[in-house]
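Spelled out from the first residue to the last, the chains are:
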Amino acid sequence: MKNIILLYNFINDPFCHIVIRFSTKNISYKARGCLLSILPYREDSNPQTREFLARVVDVLLDFIQQILEFKMPEEMQKMLDLNLPEDPLPLKQLLEDCKTTLKHQVKTGHPHFFNQLSCGLDIISLAGEWLTAAANTNMFTYEIAPVFILMENVVWICLQPVCVPGGPSPQVPACHYSVKSCASVGGLGTDYCIAVPSDERGRMITSELERLVRYHRDRGNVPFFVNATSGTTVLGAFDPLMEIADICQKYDMWMHVDAAWGGGLLFSKKADSVTWNPHKLMGTLLQCSTVHFKYEGILLSCNAMSAEYLFMTDKIYDPRFDTGDKVIQCGRHNDIFKLWLQWRGKGTSGFERLMDRLMELSEYMVRRIKEQSDKFHLILEPEMVNVSFWYLPKQLRGLPHDSNKEIKLGKVCAKLKGRMMQAGTIMVGYQPDDRRPNFFRNIISSAAVTEKDVDFLLSEMDRLGHDIVVD
Ligand SMILES: *Cc1c(COP(=O)(O)O)cnc(C)c1O
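Per chain, residues are indexed from 1 in the order of the written sequence. Reporting in this predicted model follows two pLDDT cut-offs: at least 70 for local features of residues, and 80 or more for side-chain atom pairs to be given and counted; totals over whole chains, interfaces and linings ignore these cut-offs and use all residues. Side-chain measures here rest on the full set of heavy atoms in the structure, leaving out hydrogens and waters.

1. Here we look at the overall build of the protein chain
Right, on to step 1. The helix and strand tally for the protein chain stands at 13 helices and twelve strands.
Right, on to step 2. Only protein chains enter the accessibility calculation, which uses a 1.4 Å probe; a residue is then buried when its area is under 20% of its type maximum, exposed when over 50%, and partly exposed in between. Residues classed as buried in the protein chain amount to 45% of the 471 residues present.
Right, on to step 3. Across the protein chain, contacts joining residues at least 24 apart in sequence account for 63% of those joining residues at least 6 apart.
Right, on to step 4. Per element, the accessible surface of the protein chain, about 25100 Å² overall, is 56% carbon and sulfur. A run of H or I in DSSP becomes a helix once it reaches four residues, and a run of E becomes a strand once it reaches two; helices and strands are each numbered from the N terminus. In what follows, a contact means two residues having at least one pair of non-hydrogen atoms within 4.5 Å. We get accessible surface area from the Shrake-Rupley algorithm with a probe of 1.4 Å; when it comes to residues, only the shown protein chains can shield them.

Spelled out as structure tokens, the structure:
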């Protein structure tokens, strides 16, 4: 009798992958994955569909409780089974796969993750992303994404918007590397992408811009595009937009503002176009990158291919609601819903408070660094939430600061970062720039961070790094 009850439970559990044989009647029940198809929108829709998703949600809920963890690639490869099988695996195994995947994923939403411009995990935006995935639609025509297309119009009503993955546009940088890559992809060639020197704080020197424009015009070239940056990726510097705008007007050049990072803080009406990534400072889930143009219709006039099977002009609704012909790609992911939902949940004032809070925390960090100037060296007063600094192990404390010491501090970065990753307790990024060797760049762009986390970050760096020795 006991056996029969057990068996009953197994049969009712599609997540059980044990093959059970009911020996007395010689019936075998195989609960193997695809034999139990889980499908939506059907009257006979399996209760398993609901149950499977409910269990996936459990995995997700567990995920947002966990902490940082790091494994080397070789070790990770050994721990995981990533093989693609010939035969279907049972749902139970897929649930295990989901768990394992998230278990070993870096928790970018953890308040001790300061590594990237996009950190944090906005829960409302997360819910939006889940729903977006469930809706699973393309964004090229109104007919297949009516609500989402209207949402895009609402969120950017005055700015003529579309969400496009993959950043800003070409020419003349003191800026993000994507500008150079655009020059390459756009067919200009990277040699025609001219870097304008920046000052010690990373801001474009406008006299240099003008000098370079004249220099190239004198040689018969036609400078036509200037990329200014509001919030550079490493230092968080803001280029002088007004002065750059005047130069652009004088020489008839397009002015683009790359505010991918700093856009949460600033919009300029002077520019011809602006990029802004809500997935960075605003904490919208990845990815959510936008580009805005001043001129009505410009995207269509550049990009329209008028594919007959998508963009028929005799549809029953106004074809201007079909956004697909504004962009160069065909399929476009819905990145609007999670932002729209998040915005509804926060209100504009909520975003304002978030920006203020992130700035406040960055100021707190700067203060703490200055208070511990034996252990930390602030490189410059930040304009944004990018805090650039060196960590000084015991070996280098109290010595005069010169270029020789900077080289050593640069070496400390790589060593300390290695220790941080091994310990798995904290993540901060480092990089060199054209003025200095490696230095740490800390980013506070997660709403979950508190003063306590900042203190933990600094004390943990010291705990892990005090005995580092470099030559
Ligand atoms: C992140 C970043 C980019 C790249 O944007 P993506 O949409 O992630 O490709 C461009 N410019 C700046 C200043 C950035 O910080």
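Following the structure, the description resumes.
2. A short note on the confidence of the model for the protein chain
Close inspection of predicted coordinates is inappropriate in any region flagged by low pLDDT.
Right, on to step 1. The pLDDT averaged across the protein chain works out to 84; a share of 85% of its residues lies at or above 70.
Right, on to step 2. Residue-level confidence of the predictor is summarised by pLDDT, bounded by 0 at the bottom and 100 at the top. Here helix H1 (residues 2-12) stands out as the least confident element of the protein chain, with mean pLDDT 37; strand E9 (residues 376-378) is the most confident, with 98.
Right, on to step 3. Scored below 50 in pLDDT, residues 16-35 shows 32 contacts in the model against residues more than four places distant or in partner chains.

3. Let's talk about the sheet that holds E9
Right, on to step 1. Paired strands are those between which DSSP finds at least two bridges. Pairing is mixed in the open sheet, where five strands are placed in the order E3-E11-E12-E10-E9. Lying at the two open borders of the sheet, with one neighbouring strand each, are strand E3 (113-114) and E9.
Right, on to step 2. Relative to strand E10 (residues 386-391), E9 is paired through three bridges, and the arrangement is antiparallel. Its bridge partner being in E10, Phe376 is matched across the sheet by Tyr391.
Right, on to step 3. Working convention: axes come from line fits to C-alpha atoms, limited for helices to the stretch in contact. Angles between N-to-C directions cover 0 to 180 degrees. On top of the sheet, helix H11 (residues 337-371) reaches E9, E10 and strand E12 (439-443); it is set at about 20° to E10, its chief contact.

4. Concerning the pattern of salt bridges
Right, on to step 1. Any Lys or Arg side-chain nitrogen located within 4 Å of an Asp or Glu carboxyl oxygen qualifies as a salt bridge. Using the criterion set out here, one finds 23 salt bridges in the structure.
Right, on to step 2. Between Lys315 and Glu143 there is a salt bridge, and its shortest N-O distance comes to 2.8 Å. Of this pair, Lys315 sits in the loop between helix H10 (298-303) and H11 while Glu143 sits in the loop between helix H5 (123-135) and helix H6 (146-155), and the two are 172 residues apart along the sequence.
Right, on to step 3. According to the relative accessible area criterion, Lys315 is buried, its value standing at 15%.
Right, on to step 4. A salt bridge links Glu381 to Lys370, with the nearest nitrogen and oxygen atoms 2.5 Å apart. Pair noted here: Glu381 is in the loop between E9 and E10 and Lys370 is in helix H11, with a separation of eleven residues, a long-range link.
Right, on to step 5. By relative accessible area, which is 44% here, Lys370 ends up partly exposed.
Right, on to step 6. Here the salt bridges do not stand alone but share partners, grouping Glu129, Asp335 and Lys338 into one network.

5. Side note on the site of the ligand
Right, on to step 1. We call a residue near a given molecule or strand whenever any one of its heavy atoms falls within 4 Å of it. In the vicinity of the ligand, 16 residues are found, and the nearest of them are Thr233, Asp258, Asn277, Lys280 and Ser289.
Right, on to step 2. A 3.5 Å cut-off defines polar contacts: any pair of N or O atoms within that distance qualifies, except that in protein one atom must be a possible hydrogen donor and the other a possible acceptor, and neighbouring residues in sequence count only when both atoms are side-chain atoms. In the environment of the ligand, a nitrogen atom lies 2.4 Å from a nitrogen or oxygen atom belonging to the side chain of Asp258.
Right, on to step 3. With respect to the ligand, the side chain of Ser289 contributes an N or O atom lying 2.9 Å from an oxygen atom.
Right, on to step 4. Summarising the interface, the protein chains cover 86% of the accessible area of the ligand, which totals 380 Å² for the free molecule.

6. A short note on helix H2 (residues 47-63)
Right, on to step 1. Expected helix span is given by 1.5 Å per residue-to-residue step, counting one fewer step than there are residues. When the terminal C-alpha atoms of H2 are compared, their 25 Å separation across 17 residues agrees well with the 24 Å that a helix rising 1.5 Å per residue should span.
Right, on to step 2. Taken together, the buried positions of H2 are occupied by Gln48, Thr49, Phe52, Val56, Val59 and Phe63. Along the long axis of H2, the arc covered by the buried residues comes to 110°, so they all point the same way. Structural note: H2 exposes Pro47 and Arg50 on the side pointing more than 90 degrees away from its buried face.
Right, on to step 3. On the buried face of H2, the contacting elements are helix H4 (91-103). Directions are taken from the helix axis to each C-beta atom, and the arc is the one they span.

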